[in-house]
Amino acid sequence: GWSQSWYSGFPIGQYYFPFPALLTALFDSFLPYNVAFKIVTVLGPILLPVSAYTLAEQLEFPWPASPLAAVATLYYQFETRHALVGGEWKTTWTIYGGNLASGLAGEFSFTLALALALFFVAAFTATLRTGRRPWLPVVLLAACVTSHVVVAMFGIFLAVLVWLVHRPLRTLRIAAPVGIVAGLLTCTWTLPLVATEPYT
């Protein structure tokens, strides 16, 4: 489609993350649109504890680290900040992403990207260890990048740390293609975004 909102129009998805919209379109193929959109909106908060648990398991942290990681994401999701504004206490952090309040305000792709980032690092860890299923971290990283770039940077940073402790010279032949192919998968969106960055 074409958005007429700014600059006399531009392609929809030019300046915002396409993966949640594509998921909504996928669900909309067999569900009513409003239901499809609501499912995508709650997907991030539902998957975040699962992804934290999965990551702790793949990093082989001792028990009970995995369930504690999942519980920690619940605290994070329900967290809001309070600040003294004009002599009155007000709730803040309701639009910056990650927690439920932000998701309800429209920042649902941030939480979805967080879950995808943790799943990506978990899958990347498993691939570095076993050499199997390198396509999975590729797809998860591409989905994370196209859900939220800031969160993807966080995920990539974590993946680099994981790579550095998994015999980096030996596993470079696995790690490099994962990053390169994931980057290529996102090019149809990232290159136009970077090329027109001054307009953002």
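A short tour of the structure in this document, coming up. Since this is a predicted model, take the numbers as computed values, not measurements. (Residues numbered from 1 in each chain as written. Predicted model: local features only at pLDDT ≥ 70, side-chain atom pairs only at ≥ 80, totals over all residues. Heavy atoms only, no water.)

Let's talk about the side chain of Glu 107
- One can find Glu 107 in the loop between α4 (100-104) and α5 (108-130).
- Residue Glu 107 is classed as buried on the basis of its relative accessible area of 18%.
- If we skip the residues at most four places from it in the chain, Glu 107 touches Tyr 16, Ile 95, Tyr 96, Gly 97, Ser 102 and His 148. (Helix = DSSP H or I, 4+ residues; strand = E, 2+ residues; numbered from the N terminus. Buried < 20%, exposed > 50% of the residue type's maximum accessible area, 1.4 Å probe, protein only. Contact = heavy atoms within 4.5 Å.)

Things to note about the environment of Leu 128
- Within the secondary structure, Leu 128 is located in helix α5.
- For the pair Leu 128 and Val 162, spaced 34 residues apart in sequence, the C-alpha to C-alpha distance is 8.9 Å.

Quick look at the pairing of strand β4 (residues 88-92)
- When strand β3 (residues 81-85) meets β4, the two strands line up antiparallel, connected through 5 bridges. Note on β4: the bridge partner recorded for Ala 83 is Lys 90.
- Connecting β3 to the next strand, β4, in antiparallel fashion are 2 residues, including Gly 86 with a positive phi near 60°. (Pairing = 2+ DSSP bridges.)

Observations regarding the packing of aromatic side chains
- On inspection of all chains with the given rule, the structure shows 6 aromatic pairs.
- Every member of this aromatic cluster is reached through a ring pair, and the members are Tyr 16, Phe 17 and Trp 189. (Phe/Tyr/Trp six-rings, centres within 6.5 Å; stacked < 30°, edge-to-face > 60°.)

Some words on the packing of α5 against helix α6 (residues 135-145)
- The N-to-C vectors of α5 and α6 enclose an angle of 160°; their axes lie 8 Å apart at closest approach. Judged by the angle between their axes, α5 and α6 are roughly antiparallel. In this structure, α5 crosses over α6, and the sense of that crossing is left-handed. Residue-level inspection shows Ala 113, Leu 116, Ala 117, Phe 119, Phe 120, Ala 123, Phe 124 and Thr 127 of α5 in contact with α6, the latter providing Leu 136, Pro 137, Leu 140, Leu 141, Ala 143 and Cys 144.
- A breakdown of the residues in the contact of α5 with α6 according to their chemical character gives 13 nonpolar, 1 polar and no charged. (Axes fitted to C-alpha atoms, helices over the stretch in contact; angles between N-to-C directions. Parallel < 35°, antiparallel > 145°, perpendicular 65-115°, else oblique. Left-handed = near helix turned anticlockwise from the far one by under 90°. Nonpolar A, V, L, I, M, F, W, Y, C, P; charged D, E, K, R; others polar.)

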